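Structure at a glance
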Amino acid sequence: MKVKKIAIIAGVIVALGAIVGFTVNQTQKNVVTVQTGKVLKQDIASLVTASGEIKPINFVNVGANAMGRITRLFVKEGQHVKKGQVLAQLENVQSAADVAQMKATLASSQTDAVAADAALKTALAQSHSSSASLAQSKLDFERSQSLYQNQLIAKQDYDSKKAAYEVAQALASQDVARVAQARANLDSSQGHVNIAKAQLVHFSDVLSKTVYAAPYDGVVTNLPVHEGDTVVMGIQNAPGSTLMTVADMSVITAEVRVDETDIVNVRLGQPAEVTIDAMPGQTFKGKVSEIGDNAIVRSTGISTSQTTSSTQEAKDFKVVITLDKPPDNLRPGLSTTAKITTGSEHGVLTIPIQALIMRDKKALEEQKSGSKNNKPAPTPGTQSKKESQDIQGVFVVTPGKKAEFHQVETGITGTADIQVKSGLKENDEIITGSYKVLRTLRNGAGVKVDNSTAAKGES
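These lines cover the structure that appears in this document, whether it is placed above or below. What you see is a predicted model, and the numbers here were worked out from it, not measured in a lab.

Glancing now at the pairing of strand β7 (residues 218-222). Along a regular strand, successive side chains alternate from one face of the sheet to the other. Here strand β4 (residues 80-81) pairs with β7 via 2 bridges, running antiparallel. Residue pairing for β7: His 80 is matched across the bridge by Val 219. Taken together, the 3 bridges between β7 and strand β9 (residues 242-259) define a ladder with antiparallel strand orientation. Paired with Asn 222 across the strands is Thr 245, a residue of β9.

In structure tokens form, the structure reads like this:
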């Protein structure tokens, strides 16, 4: 009797277990395994990442202003120089001789001018003397003329006074002409002086171009020539020789290229963090100081303003970041990566980017009302453009382990998270994966949370 009761109880238990197992199995058929995350309140920043190289804000290529052989190089590559310091010397035998010749010519012309000035003064004094003699002869002639008319003197005396007056007139005219000639000689001498001065300036300029001095305090960053090399000036279609490059390293910039899809978010003054490949583990602060207006074709590096044909290739824009406190050992040309902060928010709700999905509004309403339950969630391309009205949102796990779609309004996008302005509250549990599940997950579907896969991936 006792064995019979035990058998009956065991049968009942097995039956109940079978019923429960069948029920659970049927329930699990409509349950989807998902990974979840939490809606968190944290700081978020939108970043634009770009690569480029270190460049000084001011640098000059010291080019050849004259043709000749380099006789002296006073600096080495990497050397610090001061403004006005002599950097190099070209051979200057001919130009120095020309300057010496023109100095001598100028001195001779100035001496001639002094002599011409003295001659003019002498001619003026003689002219004044002859003018006085002419005045006296005129008075004597007029007096003798009156006396002769009154028959008080002989005709011989009258003729003598008249002849003396005419001689005085001739001498005065001659002295006036002599003054004009002396003045012309002085003007000519002064002209020769001016010509000599101009030629001396010319030859002195030629001579000065054989000596090269630093335009400002800086560092010699490139020195492609050696003593004894011959350099030439540039002509219309051929650049001249470059002796060296002097860079002002007091202000250092990182010149990077930003993708055309990100440049619209970059503004002057935005903060940036710059890392340099040659200095691993160090980060330098800076700010955006310049944004290029012309797009640069990524494959060729040529600005679109310099091309006549349009292209569909990827394009970049030049952005210059001025470093706040550059180290002394930076060198132009070092590869660098910049992260520009284009926006930031403090203490806002955020979700992982992968949780954000797009759903058709009409399909969501049908799923919520329970109609068309036998149809899978619509995927991109299954709805006509006329009927579809996509909205963005996330699936929230309800206390009943259901996936409930919540429409959200988003803000700035960070590296892995995105700001949520409305539609969610802190600590809401949202579905973050997998990607395949999120594509086909239905609104109201049962879910089973399994974050072990995500935990393994993180570890």
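Once you've had a look at it, read on.
All chains considered together, the criterion is met by 13 salt bridges. A salt bridge links Asp 428 to Lys 425, with the nearest nitrogen and oxygen atoms 3.3 Å apart.

It is worth spelling out the packing of aromatic side chains at this point. Applying the stated criterion across every chain yields a total of 4 aromatic pairs. Here Phe 141 and Tyr 165 contribute two aromatic rings whose centre-to-centre distance is 5.4 Å and whose plane-to-plane angle is 0 degrees, an arrangement assigned as stacked. Residue Phe 141 is found in helix α2 (residues 93-149), and its partner Tyr 165 is found in helix α3 (residues 155-208); the two are separated by 24 residues along the sequence. Exposure remark for Tyr 165: the relative accessible area of 15% places this residue in the buried category. Geometrically, the ring pair formed by Phe 395 and Phe 405 is edge-to-face, given 5.5 Å between the ring centres and 75 degrees between the ring planes. Here the residue Phe 395 occupies a position in strand β15 (residues 390-397), and Phe 405 occupies one in strand β16 (residues 403-407), the gap between them amounting to 10 residues. On the accessibility criterion, Phe 395 (0% relative accessible area) is buried. In textbook terms, an aromatic cluster arises when at least three aromatic residues are bridged by ring pairs, as seen for Phe 141, Tyr 148, Tyr 158 and Tyr 165.

The rules behind the values
In this numbering scheme, every chain counts its residues from 1 along its sequence in written order. Two thresholds apply to this predicted model, a pLDDT of at least 70 for residue-level local features and 80 or more for giving and counting side-chain atom pairs, whereas whole-chain, interface and lining totals are computed over all residues. Side-chain figures throughout are based on the complete set of non-hydrogen atoms in the structure, without hydrogens or water. Should DSSP find at least two bridges between two strands, the strands are regarded as paired. Helix numbering and strand numbering both begin at the N terminus, where a helix is a DSSP run of H or I of at least 4 residues and a strand a DSSP run of E of at least 2. Here, a salt bridge means any Lys or Arg side-chain nitrogen found within 4 Å of an Asp or Glu carboxyl oxygen. Working definition: rings of Phe, Tyr and Trp (its six-membered ring) pair if their centres are within 6.5 Å, and the pair is stacked with planes under 30 degrees apart, edge-to-face with planes over 60 apart, and tilted otherwise. Think of it in three bands: with a 1.4 Å probe and only protein chains considered, a residue is buried below 20% of the maximum accessible area for its type, exposed above 50%, and partly exposed in between.

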